[in-house]
Amino acid sequence: MSFRLKLMAGFTFVVVVSVGLVAWTRRLSTRNAYERLDRERTNASVAQFQREFARRSEEVTRRVQGIAEANDTLTMAVNLGRGKPDYSAYVNEAANLAAAHQLDFLEVTTADGTIISSAQWPARFGYKEAWVTEPVEWFDQKAFLMRQELPGGDALGIVAVREVGGGEKKLFIIGGMRLDRTFLASLVLPAGTRALLYQGASKVASTPSFVDASGPVLHAEKLSPLVAASANGAVETSTTINWTADPGSAETFHVIPLKGRNDEILGMFLVGSSRREQVELESHIRWISIVVGAGGILLGIVLSG
């Protein structure tokens, strides 16, 4: 090998190794920085969800308590406790109370759980809510997450229960608000993130399982394995989803299981963090490295000449 070729090979080796090491270091530091940013975004989004959930839980509890203590409700309980009451006279009572107190769900049941009025599904008159008769001090029970059966499919709701009267003549007031895309739209999230809600398997196929603040999520089937893994382990999990062939479309999702009163998993809260900025910055670093490396090789050829 001639001296000229040795010089060119030496210059090329030094330039390629130096540029490659710098590029690798920059990409690594960039990736670590975005991972920290992703964790901060996720923690902020989860904290915002928890605060809003707690606020709405208190609101639901207050409104249901107000219905239970209202004079009209107490009068209804007294009337239905006499002789052989006519429950059909109150079949529309829940709808009126729900509208007056701005609740999405409201049912009035007897002491054995028989529904005498339902705002969200009037046809359930006469059905039973057996769970409400469990030995629970409902007055001390805070609002909780619960799945609600609706004519168009199941829905998640923040629900509170209160008793009116006592003994076999008492009534149960079951009221709540939806946990849906309207709830998600009320969250103030960091830039570059979005919140999704997995509402669980629905009996109605047309009902979307995944929604964000704007509505049903497209290509949501890509999220199913992540949700299944989180449900099986009942723990928080995360993964990166590539929505299209464009690397910039990728999102890193963190899944937080949502549990009901008995610790059963009813849904999932997902925080998606866009990777577009990271992908574009890494691509920028890569192209700069290629240009600098090519320039260095060309310089090596000139110097060796």
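This structure is a prediction, so every number in the text was calculated from the model and none was measured. (Residues numbered from 1 in each chain as written. Predicted model: local features only at pLDDT ≥ 70, side-chain atom pairs only at ≥ 80, totals over all residues. Heavy atoms only, no water.)

Draft legend 1. Representation of the sheet that holds strand E7 (residues 210-212) in the model. Taking strand neighbours across the sheet as the criterion, the six strands line up as E8-E7-E6-E11-E10-E9 in an open arrangement whose pairing is antiparallel. In the strand order of this sheet, the two ends are held by strand E8 (215-216) and strand E9 (237-241), each with one partner. When strand E10 (residues 251-259) meets strand E11 (residues 265-274), the two strands line up antiparallel, connected through nine bridges. Across the sheet, residue His254 finds its bridge partner in E11, namely Val271. (Pairing = 2+ DSSP bridges. Helix = DSSP H or I, 4+ residues; strand = E, 2+ residues; numbered from the N terminus.)

Draft legend 2. Quick peek at the packing of aromatic side chains. Following the criterion strictly, the structure yields eight aromatic pairs and no others. With 4.1 Å between their ring centres and 25 degrees between their planes, Phe49 and Phe269 make a pair best called stacked. Placement of Phe49 in helix H1 (residues 3-69) and of Phe269 in strand E11 is noted, with a sequence separation of 220 residues between them. The pair formed by Phe49 and Phe269 is uniform in burial state, with each residue classed as buried. By the ring-pair criterion, three or more aromatic residues cluster together here, those being Phe49, Phe53, Phe183 and Phe269. Taking the ring centre of Phe144 as reference, the NZ or CZ of Arg261 above it sits at 5.5 Å. (Phe/Tyr/Trp six-rings, centres within 6.5 Å; stacked < 30°, edge-to-face > 60°. Buried < 20%, exposed > 50% of the residue type's maximum accessible area, 1.4 Å probe, protein only. Lys NZ or Arg CZ within 6 Å of the ring centre and 35° of its normal.)

Draft legend 3. The arrangement of the pattern of salt bridges in detail. The full count for this structure, using the stated rule, is twelve salt bridges. Residue Lys128 pairs with Asp112 through a salt bridge whose shortest N-O separation is 3.6 Å. Of this pair, Lys128 sits in the loop between strand E2 (115-118) and strand E3 (144-148) while Asp112 sits in the loop between strand E1 (105-109) and E2, and the two are 16 residues apart along the sequence. Note that Arg194 is salt-bridged to Asp212, the shortest N-O span being 3.1 Å. One end of the pair, Arg194, is in strand E6 (residues 193-198); the other, Asp212, is in strand E7, with 18 residues separating them in the sequence. Note on Arg194: relative accessible area 25%, which makes it partly exposed. Through salt bridges with shared partners, a single ionic network connects Glu107, Arg124, Glu129 and Glu149. (Salt bridge = Lys/Arg side-chain N within 4 Å of Asp/Glu carboxyl O.)

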